[in-house]
Amino acid sequence: MEEWKWLEFQYAKQLRESGVNERRRLYNEAYSAVSKLAIERFKSSDPEDRTAGTSKLLVNLLSQMVDKHDNVLEIGSGRGYTCLMLAPYVMSMVGTDVSEPSIIESKAILSRHRVKNVEIKHVSAFELTGNFSDNEFSVCISIDVVEHLHPEDAKEHLRQVFHVLKPGGRYIIIMPNRLDGPHDITREEFPEARYALGFHLNESTYRQMTKIMRAIGFDSFQVFLPLRIPKKGVRPLIMPYQFSIVSEILYRMLPDCLRPRILNKIIPIRLVAHKPATCQLVRKCHK
């Protein structure tokens, strides 16, 4: 087993077993240590070759879901690929991460490409209200982030996103679905495991995510899927979220041999949650 994978398993065990205050320290330490080792594997200088989780197809879809009036917050911006590629389509963008090596690399990439409307900050997913104002962003995006948070921290993260979003703003969440997991390095190293043992502390489902987010105040849930249109390329197909709830029910009911291949393409979570346009915030104290 490669050293960075072994280290991830060790830190993941600590994160699962630690209290909230200890986790605050561990996230920064764990992701900086593992990122430092993992980054050494990359030889190409092309940002797209140095990213994990984000693809050209996904960024293409996201670019069609934002516009020049949007100020965007990306939580867990990693090595900066999404920020780099979305910058031409938005008014401004802030990327946040806890991995020092990733922050250094993303800043270097943005500087090299002379991107002026993106800022990178060392901010964790549950330190948003301490670093940003209420109603500051029209769009928040996270790509393969929420599953990395302890379930308690994930709920706190969603509450804080709700605060920093403008009324009528959207939170776009991309993450794997627990139903066809585990999805982290567990799948490769321990293929018989039923649950993630690496950094995926919180693999979830559409049903679970929308239930938690609705209780916080989000509404008007949608999902988006890639739709290939002849001569026009790929467009985001926006669907009511109930479409994916039904897909999850079918996925649970049908055995592998009878499960249509399309279900495996629909299951990954691609959720758009809206903050009500008339929302009035009551700020709570978060420890």
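It should be emphasised that the depicted structure is a prediction, and the values quoted were computed from it without experimental measurement.

Chemist: Can you walk me through the packing of helix 6 (residues 151-164) against helix 8 (residues 206-216) in this structure?
Modeler: In a packed pair of helices, the relevant descriptors are the angle between the two axes and the axis-to-axis distance. Two numbers describe how helix 6 lies on helix 8: the axes approach to 10 Å, and their chain directions differ by 50°. Taken together, the axis directions place helix 6 and helix 8 in an arrangement best described as oblique. Viewed along their axes, helix 6 and helix 8 form a crossing whose handedness is right-handed. Of the residues in helix 8, those in contact with Lys155, Leu158, Arg159 and Phe162 of helix 6 are Met209, Ile212, Met213 and Ile216. The residue inventory of the contact of helix 6 with helix 8, partitioned by class, reads six nonpolar, no polar and two charged.

Chemist: Even after reading the chapter, I still don't get the pairing of strand 6 (residues 219-229), so can you show me in this structure?
Modeler: Looking down a regular strand, the side chains alternate between one sheet face and the other. In this structure, strand 6 lies alongside strand 8 (residues 269-274), joined through three bridges in antiparallel fashion. For Asp219, the partnering residue across the bridge sits in strand 8 and is His274. Note: strand 6 against strand 7 (residues 233-240), eight bridges, orientation antiparallel. Directly across from Leu227, in strand 7, lies its bridge partner Arg235. Connecting the antiparallel pair strand 6 and strand 7 is a turn made up of three residues, with Lys231 showing a positive phi of about 70°.

Cut-offs applied
- Residues numbered from 1 in each chain as written.
- Predicted model: local features only at pLDDT ≥ 70, side-chain atom pairs only at ≥ 80, totals over all residues.
- Heavy atoms only, no water.
- Axes fitted to C-alpha atoms, helices over the stretch in contact; angles between N-to-C directions.
- Helix = DSSP H or I, 4+ residues; strand = E, 2+ residues; numbered from the N terminus.
- Parallel < 35°, antiparallel > 145°, perpendicular 65-115°, else oblique.
- Left-handed = near helix turned anticlockwise from the far one by under 90°.
- Contact = heavy atoms within 4.5 Å.
- Nonpolar A, V, L, I, M, F, W, Y, C, P; charged D, E, K, R; others polar.
- Pairing = 2+ DSSP bridges.

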